[in-house]
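Coordinates in review
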Amino acid sequence: MAKRDTTPGATVPANQPVAETAEETAARIAGKGAPTPTRREQEAARKRPLVPNDRKEAARQARVKTSEARERARVGMAAGDDKYLTVRDRGPQRRYVRDYVDARFNIGEFMIPVMLLVIVLTFFPQRDVQLYGIIALWAFFIIAVLDCFFLGYLVRKGLGAKFGKSKVEKGVRWYAAMRALQLRVIRLPKPQVKRGQYPS
């Protein structure tokens, strides 16, 4: 675009084109729909490198941001925040199941300690001790499975009363059983209710 030189004392002919500055170009492009950038902003934009000068520092900052994001996700998942939960754990019905399981004394949650005890008994030289340990383990396993079936019935009944029988999600009984078979201290998301504090 041509422009006349308006500097006092200039002798450039009126019909000779003059190259406009970067500031004038930016102001012309911005038009009336956006504020005109200041000269300092324009110079800073021109000086900003496309690639950071210190690659090691940039990599360190990226690692810090990733670590912070991972920590937020870990804390959010442990607290049961839907934003950080997997699809399997997300939703009001899954939260209800978790709260119901966590409020209950489940036989299956003692499966790991019982298995460890039986493993210890297998080191005894007496055959009778080993045999009784195996029998006790199988008996405990059967009782735990029956308790999980009963838990599934209770959970599905509670969900039907709260959300409607036709709206109960599939897989809630299996979800409840898998959580009930875990030690309370290692469950994820972490229990948000105390023993006996059943969801309403």
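Since the structure is predicted, the reported quantities are computational estimates derived from the model, not experimental observations.

1. A word on the overall build of the chain
Scanning the chain from terminus to terminus reveals 7 helices and 0 strands. Secondary structure elements of the chain occur, N-terminal to C-terminal, as α-α-α-α-α-α-α. Here the chain, with 200 residues, has 23% of them falling under the buried criterion. Carbon together with sulfur atoms contributes 62% to the accessible area of the chain, which is approximately 14,700 Å² in total.

2. What to know about the packing of aromatic side chains
Any two aromatic rings considered together are summarised by their centre-to-centre distance and by the angle between their planes. Tallying each qualifying case throughout the model produces 3 aromatic pairs. Clustering of aromatic rings is evident, with ring pairs tying together Tyr96, Tyr100 and Tyr198. Directly above the aromatic system of Tyr175 lies the positively charged group of Arg94, at a separation of 4.9 Å from the ring centroid.

3. Digging into the pattern of salt bridges
Side chains that differ in sign of charge can pair as their charged atoms come close. Across all of its chains, the model carries 9 salt bridges by this definition. In this structure, the salt-bridge partner of Glu71 is Arg74, at a minimum N-O distance of 2.7 Å. With Glu71 and Arg74 both in helix α3 (residues 55–78) and 3 residues apart, the pair spans about one turn of that helix. Judged by its relative accessible area of 39%, Glu71 is partly exposed. Ionic pairing is found between Arg187 and Asp102, a salt bridge with its closest N-O pair at 2.8 Å. Separated by 85 residues along the polypeptide, Arg187 in the segment after α7 (172–180) and Asp102 in helix α4 (residues 92–102) bring together distant segments of the chain. Like Asp102, Arg187 is buried. Because the salt bridges share partners, they merge into one network encompassing Asp102, Glu109, Arg179, Arg187 and Arg195.

4. Things to note about the side chain of Gln93
Mapped onto the fold, Gln93 is located in helix α4. Not counting residues within four places of it along the chain, the set of residues in contact with Gln93 comprises Leu159, Phe163, Lys167, Val168, Glu169 and Val172.

5. Some details on the packing of helix α5 (residues 111–121) against helix α6 (residues 127–163)
In the contact formed by α5 and α6, the axes pass within 9 Å of each other and the chain directions differ by 165 degrees. Taken together, α5 and α6 sit at an angle that is classed as roughly antiparallel. Viewed along their axes, α5 and α6 form a crossing whose handedness is left-handed. Note on element contacts: α6 touches α5 through Val129, Gln130, Gly133, Ile134, Leu137, Phe140, Phe141 and Ala144, opposite Met111, Val114, Met115, Val118 and Leu121. Residue composition of the contact of α5 with α6, by class: 11 nonpolar, 2 polar and no charged.

6. Quick look at the confidence of the model for the chain
When pLDDT is averaged along the chain, the result is 82, and 78% of the positions lie at 70 or above. Looking over the chain, one finds the lowest element-wise mean pLDDT in helix α1 (residues 22–30), namely 54, and the highest in α7, namely 96.

7. Things to note about unusual backbone geometry
The step from Leu188 to Pro189 runs through a cis peptide bond, and the omega angle for that step is -5 degrees. Here Pro189 shows up in the segment after α7.

8. Considerations on a nonpolar patch on the surface
A grouping of Ile134, Trp138, Phe141, Ile142, Val145, Leu146 and Phe149 is seen on the molecular surface, where their side chains present a nonpolar patch of about 720 Å² in accessible area. By the element assignment, Leu146 lies in helix α6. Taking the relative accessible area as the measure of exposure, Leu146 reaches 54% and is therefore exposed.

9. Here's the deal with the packing of α4 against α6
Where α4 contacts α6, the axes come no closer than 10 Å and their chain directions differ by 135 degrees. Classified by the interaxial angle, the pair formed by α4 and α6 is oblique. For the pair α4 and α6, the crossing hand works out as right-handed. Residues Pro92, Gln93, Tyr96, Val97, Tyr100 and Val101 of α4 form the contact with α6, whose own contacting residues are Leu151, Leu154, Val155, Gly158, Leu159, Lys162 and Phe163. Split into classes, the residues belonging to the contact of α4 with α6 amount to 10 nonpolar, 2 polar and 1 charged.

What counts as what
Residues numbered from 1 in each chain as written. Predicted model: local features only at pLDDT ≥ 70, side-chain atom pairs only at ≥ 80, totals over all residues. Heavy atoms only, no water. Helix = DSSP H or I, 4+ residues; strand = E, 2+ residues; numbered from the N terminus. Buried < 20%, exposed > 50% of the residue type's maximum accessible area, 1.4 Å probe, protein only. Areas by Shrake-Rupley, 256 points an atom, 1.4 Å probe, with all protein chains shown as cover. Phe/Tyr/Trp six-rings, centres within 6.5 Å; stacked < 30°, edge-to-face > 60°. Lys NZ or Arg CZ within 6 Å of the ring centre and 35° of its normal. Salt bridge = Lys/Arg side-chain N within 4 Å of Asp/Glu carboxyl O. Contact = heavy atoms within 4.5 Å. Axes fitted to C-alpha atoms, helices over the stretch in contact; angles between N-to-C directions. Parallel < 35°, antiparallel > 145°, perpendicular 65-115°, else oblique. Left-handed = near helix turned anticlockwise from the far one by under 90°. Nonpolar A, V, L, I, M, F, W, Y, C, P; charged D, E, K, R; others polar. pLDDT = per-residue confidence, 0-100. Patch = residues over 30% accessible without salt bridge, like charges linked within 9 Å, V, L, I, M, F, W, Y side chains within 5 Å.

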